[in-house]
Amino acid sequence: MRAQRLAKGLTLAEAADQIRELVSDLDRGPRVTVEQLRLWETGGHQPLRSTVLVLAAFYGCSPGDLGLEDTEAVASIVLRAESRHGHRAAVTPMSAVGERIPTAAEHLSNRVDAARRAVDRTLASATVNSSQLDHIDEMVLWASQEYISTPPTLMLTRLLDLLAEVEELAAYRQPAAIQVRLSELTAMLSTLTADALMKLGDLTRSRSWYATARTAADDSGNAELRARVRAQAAMLPFYYGPITHAVNLCREARSISSRFRTSATHAFAAAAEARALAKLGATGEAEAALRYATKAFEQFGGDSADDAFAFPVRRYLLYKSGTLTALGHTREARQVQEEALTLYQDKTGIDPALLRLEAAICYARERSPDEACQLAGVTFLRMDPAHRTPIVEERAREVVEVLPPAIRTSRVARELLEIIELPPGRM
């Protein structure tokens, strides 16, 4: 069955979608999911009789060609299929599938066809053709672009579907070059999955997925990807501690990427290290790291790409803002925040909110509690509820925490904390 699907150039998700569409007119059509298809293809489950015929009709072959047991047709089941020209095809009785018995003259031809399909199945289990790999590459790029603005819960579903596709191909023997690319794709998808789980506050699973991402990146041998995964993994201890682990991961990433000093990864690792050192309170080291990060970014020049693995000017400014805010350089930080927000004008996601919350923290440090709490409250209320993750909540609470102790119980501070605690439906 897997060979038939690959011959049509379909992923598991695409095949499941098309089969569901094909049987949408049936009162009792089979329920086909990605996981169900995978189990059928690997022999983990056997489909029902009627489902066997649906699969045979979809792939245009007999049940035997799918590696399934031939069965008598169920006459009451019919399919409607869309033609390539957008017109409804004629209603095809399912009893027409596989009912014709080959004549003696056709027997040899059938054996020849069966042998070819067997060879195709063997080849499909041993290698991935370029169109399949290109398709998955495109899907991963699309996911990394969507990740910037899509809420983490929704992204998790998409990422797990893509990981299932890559895992399915990686489970079979592949040529070395293809296996390397599959490991790279696994590392990228695992990193995004870990990051989404971190945003949702699921720290244990996030930590496990970051470990998986590092394993896959190391397996690929791609030094820049190995560094990038570590720099990204530093976000977990940066937000949730211990902060020293974030510094160590960033330094490891910088060391690995030292051969690529004009790369996005090296600039990203340097900027992340500066921000982590500032949060740690290592002022001198943080300022030195920020100078290095600025030089690295200027040499790199910034990304024109717009995906989760790019490091454009606006993201560099986001990290610079975090560093300057933690260091207490509020005037310079606000200038950076204003510049960055002009580059985020048409962007959604949490980055613009984090910049505004850092501006609120600057107001709080300057003993302007009303401006600080009002800006933080407005920022939080205007966010899409799906993006109000624990990271954003903690950053908003930090506005109150940096206020002088006597003001933390003031009316504006209490109102901000009440806004943060409100459930999404009450805002």
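Computed from a predicted structure; not experimentally measured. The residue numbers shown here count from 1 along each chain, following its written sequence. Totals for whole chains, interfaces and linings use all residues, but because this is a predicted model, local features are given only for residues with pLDDT of at least 70 and pairs of side-chain atoms are given and counted only at 80 or more. Excluded from the side-chain calculation are hydrogens and water; included are all heavy atoms of the structure.

### Some points on the overall build of the chain
Put simply, the test is: Secondary structure elements are defined from DSSP: runs of H or I of at least 4 residues count as helices, runs of E of at least 2 residues count as strands, and each element is numbered from the N terminus. The buried label goes to any residue with under 20% of its type's maximum accessible area, the exposed label to any with over 50%, and the partly exposed label to all in between, with areas taken from a 1.4 Å probe on protein chains only. Every residue pair with non-hydrogen atoms within 4.5 Å of one another is taken to be in contact. Per-residue and other accessible areas follow the Shrake-Rupley method at a 1.4 Å probe size, with only the shown protein chains counted as cover for residues.
Looking only at helices and strands, the chain features 20 helices and two strands. The buried share of the chain, reckoned over its 427 residues, is 47%. Counting only contacts in the chain whose residues sit at least 6 apart along the sequence, the fraction spanning at least 24 positions is 60%. Carbon and sulfur atoms form 50% of the exposed surface of the chain, whose accessible area is close to 20900 Å².

### What to know about the pattern of salt bridges
Using the following cut-off: Each salt bridge in this description consists of a side-chain nitrogen of Lys or Arg and a carboxyl oxygen of Asp or Glu lying within 4 Å of one another.
One pass over the structure, following the stated rule, counts 21 salt bridges. When the shortest N-O distance is used, the salt bridge between Arg251 and Glu273 registers 2.9 Å. With Arg251 in helix α12 (residues 243-256) and Glu273 in helix α13 (residues 264-280), this pair connects stretches of sequence that are 22 residues apart. Using a relative accessible area of 4% as the deciding quantity, one classes Glu273 as buried. The partner of Arg314 in a salt bridge is Asp306, with the nearest N and O atoms 2.5 Å apart. By sharing partners, the salt bridges in this structure join Asp218, Arg226, Arg230 and Glu252 into a single network.

### Concerning the packing of aromatic side chains
To keep things clear, this is the line we draw: A pair of Phe, Tyr and Trp rings is counted when the ring centres sit within 6.5 Å of each other, with Trp represented by its six-membered ring. The angle between the planes then sorts it: under 30 degrees is stacked, over 60 is edge-to-face, the rest tilted.
One pass over the structure, following the stated rule, counts eight aromatic pairs. With a centroid separation of 5.9 Å and 75° between ring planes, the pair formed by Phe297 and Phe300 is classed as edge-to-face. Of this pair, Phe297 and Phe300 both sit in helix α14 (residues 283-300), three residues apart, which is roughly one turn of that helix. Accessibility assignment for this pair places Phe297 and Phe300 in one class, buried. Consider the rings of Phe297 and Phe311, whose centres lie 5.8 Å apart with planes at 80°: the pair is edge-to-face. A residue pair is termed long-range when its members are at least 10 positions apart, and Phe297 in helix α14 and Phe311 in the loop between α14 and α15 (313-327) qualify at 14 residues. Here Phe297 and Phe311 have matching classes, each one buried. Through pairs of rings, three or more aromatic residues link up here, namely Phe268, Phe297, Phe300, Phe311, Tyr316 and Tyr319.

### So, the confidence of the model for the chain
Inclusion rule: Known as pLDDT, the predictor's per-residue confidence is scaled from 0 to 100.
The pLDDT averaged across the chain works out to 83; a share of 82% of its residues lies at or above 70. Here residues 70-101 is modelled with pLDDT under 50, and outside its nearest four sequence neighbours on either side it reaches 52 contacts, counting other chains as well.

### Observations regarding the side chain of His266
Tracing the sequence through the fold places His266 in helix α13. If near-sequence neighbours (up to four positions away) are discounted, His266 is found in contact with Arg254, Ser257, Ser258, Phe260, Arg261, Tyr292 and Ala296.

### Brief notes about the environment of Leu162
Its location among the elements puts Leu162 in helix α7 (residues 152-170). Counting along the chain gives 24 residues from Leu162 to Thr186, while the straight-line C-alpha distance between them is 9.1 Å. What Leu162 contacts, discounting residues up to four positions off in sequence, is Met139, Val140, Ala143 and Leu189.

### Considerations on the nonpolar core
For clarity, the cut-off: We define the nonpolar core as a collection of buried residues of types Ala, Val, Leu, Ile, Met, Phe, Trp, Tyr and Cys that are connected through side-chain atoms lying within 4.5 Å of one another.
Of all hydrophobic cores here, the largest spans 73 residues; its most connected members are Met235, Phe311, Tyr319, Val399 and Leu416. Of all the elements, α13 adds the most residues to this core, at 11 residues. Those residues within four positions of Leu416 in sequence are excluded, and the remaining contacts are Cys373, Ala376, Gly377, Ala396, Val399 and Val400. Membership of the second largest hydrophobic core comes to 28 residues, among which are Ile178, Met188, Ala196 and Ala216.

### Some words on the side chain of Thr193
The topology assignment puts Thr193 in helix α8 (residues 176-199). Residues in contact with Thr193, not counting those within four places in the same chain, are Leu156, Leu159, Leu163 and Trp209.

### Description of helix α3 (residues 34-42)
Selection criterion: Taking the helix axis as origin, the arc is that swept by the directions to the C-beta atoms. A 3.5 Å cut-off defines polar contacts: any pair of N or O atoms within that distance qualifies, except that in protein one atom must be a possible hydrogen donor and the other a possible acceptor, and neighbouring residues in sequence count only when both atoms are side-chain atoms.
Listing the buried residues of α3 in full gives Val34, Leu37, Arg38, Trp40 and Glu41. Along the axis of α3, the buried positions cluster into a sector of 165°, meaning they face one direction only. Residue Thr33 occupies the N-cap position of α3, its side-chain oxygen lying 3.0 Å from the main-chain nitrogen of Gln36. Looking one or two places after α3, you find Gly43, whose phi comes out positive at around 85°.

### Description of unusual backbone geometry
With an omega of -10°, the peptide bond between Gly241 and Pro242 qualifies as cis. Relative to the elements of secondary structure, Pro242 occurs in the loop between α11 (235-240) and α12. A positive phi angle, near 60°, is found at Arg367, a position not held by glycine. If you trace the backbone, Arg367 turns up in the loop between α17 (351-365) and α18 (369-382). The exposure class of Arg367 is exposed, given its relative accessible area of 62%.

### What about the packing of helix α10 (residues 223-233) against α13?
Let me state the cut-off plainly: To get an axis, fit a line to the C-alpha atoms, keeping to the stretch in contact for a helix; angles then go from 0 to 180 degrees between the N-to-C directions. The labels follow the angle: roughly parallel below 35 degrees, roughly antiparallel above 145, roughly perpendicular from 65 to 115, and oblique for the rest. For any helix crossing, the convention is left-handed if the near helix is rotated counterclockwise from the far helix by under a right angle, and right-handed if that rotation is clockwise. Ten residue types, Ala, Val, Leu, Ile, Met, Phe, Trp, Tyr, Cys and Pro, are classed as nonpolar, four, Asp, Glu, Lys and Arg, as charged, and the remainder, Gly among them, as polar.
It is the contact of α10 with α13, at a shortest axis distance of 9 Å, that shows an interaxial angle of 25°. Regarding the angle of α10 to α13, the classification is roughly parallel. Note on packing geometry: the crossing formed by α10 with α13 is left-handed. Taken together, the residues of α13 that come into contact with α10 (itself represented by Glu224, Ala227, Arg228, Ala231 and Gln232) are Ala264, Thr265, Phe268 and Ala269. Residues that form the contact of α10 with α13 fall into these classes: five nonpolar, two polar and two charged.

### A short note on the packing of α18 against helix α20 (residues 411-421)
Axis separation between α18 and α20 bottoms out at 9 Å; the angle between their running directions is 15°. By the criterion of interaxial angle, the relationship of α18 to α20 is roughly parallel. For the element pair α18 and α20, the recorded crossing hand is left-handed. Between α18 and α20, the contacting residues are Pro369, Asp370, Cys373, Ala376, Gly377, Phe380 and Leu381 on the first element and Val412, Ala413, Leu416, Ile419 and Ile420 on the second. Of the residues that constitute the contact of α18 with α20, the class distribution is 10 nonpolar, one polar and one charged.

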